[in-house]
Amino acid sequence: MKIFAVLPAAGTGSRAGFKKNKILQNIGGSCVLARTVSAFSLNKNISKIFVCCRECDRSEISDLLQDFDKVVLVDGGETRTESVRNALEHMLPLAPDLVLIHDAARPFVSQNVIDDCIRCAQKYGSAICSLPCTDTLVQTSNGHIIAQYDRSSACTLQTPQGFSYASILNAYRQIGDNEQFTDDSGVYAKYIAPPVLFTGEWQNRKLTFREDFEMQNFRTGIGIDTHAFGEGNFVVLGGVKIPHTQGLIAHSDGDVLVHAVMDALLSAAGLPDIGYYFPDTDAKYKNADSLKLLSHTADLIQNQGCKVGNISAAIVAQKPKLAPYIPRMKENIARVLGVPADRIGISAGTNEGLGSIGRGEGITVTANALIIEQL
């Protein structure tokens, strides 16, 4: 069975307030249109993808999609209805069996949804992606509710919407000059028959307004630090002074936990390590409070346009016993980073007597940090 896809992409993005077509904007580091085309290109059942575009966007879209061999560019119209009709007429000599029509501004469509659309259209001749209506549904007038609907019999429609090619082409050819439709199910329903629904997915949302493009990018980093025992009668971990028969050898206060956390944060942000920012050759960091250095590290992360998500650290020490001090360590680190204490995870264990740590010669900490880009 020959199956084509149509992606109307001739809008302007005016409701999102962009200076150019919203499908040419980036979301999560990738262009919206490229994401959408990629989803359909990956589907083995679809042999061609017709992208409807405006003349002013054609050159940029052509360059953007040059590596997708299934793509055919066609002229977009003043309305979505005109764009789809142009694509359907353009593919007439190729005589497809089924056509899937999908909003270019829905870049998160899954392969499951595409496959379900194809199966439904093959069986019934039509396939409309839909979700049950979960919110209260009302009719309004002048800012007042004037009627309430039974949401159990209501749903919201998405795309893709699949049809027998002959049927949907016939339907579009009957549209009057002054008729406009918001999607293809309306055209099919008016001129052919009530279309059949299948269940879509929440994440297959349409990008309409500027806030729809706001996504969180997550970045992770790892930090590892080790300090050997030397002279002293306490160690500092997470800003907590813990009595012990020895201290940790270090230029600063030797807070190996905080140092590992700092390196993890800097790694996640793609920045140099703590040796770059706080070198042990600089006298001003002699006996420095590592929590103050952590505060400066947090500023560096913020300057990169990121905020701290969470920290997970594992302390490996044969001695001293650390469990009673861990809640305070978490509180100290959380306070400096400006996150709740439950975003800081700290575990402590021994090395079962193995190696230098197992022999009680020092402490090692491995830390993982997650930071969030503020787009």
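Going by the structure above, here's the rest.
Calculation criteria
Residues numbered from 1 in each chain as written. Predicted model: local features only at pLDDT ≥ 70, side-chain atom pairs only at ≥ 80, totals over all residues. Heavy atoms only, no water. Pairing = 2+ DSSP bridges. Helix = DSSP H or I, 4+ residues; strand = E, 2+ residues; numbered from the N terminus. Axes fitted to C-alpha atoms, helices over the stretch in contact; angles between N-to-C directions. Contact = heavy atoms within 4.5 Å. Phe/Tyr/Trp six-rings, centres within 6.5 Å; stacked < 30°, edge-to-face > 60°. Buried < 20%, exposed > 50% of the residue type's maximum accessible area, 1.4 Å probe, protein only. Core = buried A, V, L, I, M, F, W, Y, C linked by side-chain atoms within 4.5 Å. Expected span 1.5 Å × (residues − 1). Salt bridge = Lys/Arg side-chain N within 4 Å of Asp/Glu carboxyl O. Disulfide = S-S within 2.5 Å.

In spatial order, the strands read β5-β4-β1-β6-β10-β7-β11; together these seven strands make up an open sheet with mixed pairing. The open sheet has two edge strands, β5 (71-75) and β11 (197-199), and neither has a second partner. In this sheet, neighbouring strand axes are inclined to one another by 30 degrees on average, regardless of whether the strands run parallel or antiparallel. Where strand β1 (residues 3-8) and strand β4 (residues 46-53) come together, six bridges link them in parallel fashion. Opposite phenylalanine 4, over in β4, you have lysine 48 as the bridge partner. Its contacts with the sheet put helix α4 (residues 111-124) on β1, β4, β6 (98-101), β7 (126-132), β10 (155-164) and β11, and the angle it makes with β7 is roughly 130 degrees.

Take the packing of aromatic side chains next. Throughout the structure, instances matching the rule amount to five aromatic pairs. For the ring pair phenylalanine 278 and tyrosine 285, a centre distance of 5.5 Å and an interplane angle of 90 degrees mean the geometry is edge-to-face. Of the two residues, phenylalanine 278 and tyrosine 285, both sit in the buried class. Grouped by ring-pair contacts, the aromatic residues Tyr276, Tyr277, Phe278 and Tyr285 constitute a single cluster.

Take the nonpolar core next. The biggest cluster of nonpolar side chains holds 48 residues, and the ones touching the most others in it are Leu257, Leu265, Leu294, Ile315, Met329, Leu337 and Ile363. Here this core takes ten residues from helix α7 (residues 256-268), the largest share from any one element. Counting 39 residues, the second-largest nonpolar core is a separate cluster that includes Ile49, Cys53, Val71 and Cys120.

Turning our attention to α4. Between the first and last C-alpha of α4 there are 20 Å, a value that for 14 residues agrees with the 20 Å anticipated at 1.5 Å per step. Of the residues one or two after α4, glycine 125 is the one with positive phi, at around 90 degrees.

Once that is clear, we can look at the pairing of strand β14 (residues 240-243). Burial of the side chains of β14 is restricted to one face: Val240 and Ile242 are buried, whereas none of Lys241 and Pro243 on the reverse face is. Bridge count between strand β13 (residues 234-237) and β14: four bridges; the pairing is antiparallel. What sits directly across from leucine 237, in β14, is valine 240.

Moving on: the pattern of salt bridges. Using the criterion set out here, one finds eleven salt bridges in the structure. Put simply, glutamate 373 and arginine 219 hold a salt bridge, and the shortest N to O gap is 3.4 Å. Of the two residues, glutamate 373 is situated in strand β18 (residues 362-374) and arginine 219 in strand β12 (residues 216-230); the sequence distance between them amounts to 154 residues. Classification of arginine 219 by relative accessible area gives partly exposed; the value is 27%. Each of the salt bridges in this network shares a partner with another, and the network as a whole consists of Arg80, Asp103, Arg106 and Asp184.

A disulfide bridge is the covalent bond that connects two cysteines by way of their sulfur atoms. One pass over the full model with this rule turns up zero disulfides. Just so you know, cysteine 129 is unpaired, no disulfide at all, and the nearest cysteine sulfur is the one on cysteine 117, 7.2 Å from it. With a relative accessible area of 0%, cysteine 129 lands in the buried category. In this structure cysteine 133 is a free cysteine whose sulfur lies 8.3 Å from that of cysteine 155, the closest cysteine sulfur available.

Along the chain, the position of serine 130 falls in strand β7. By relative accessible area, which is 6% here, serine 130 ends up buried. Setting aside its immediate chain neighbours within four residues, serine 130 contacts Cys155, Thr156, Leu157, Gln158, Leu197, Phe198, Thr199 and Gly200.

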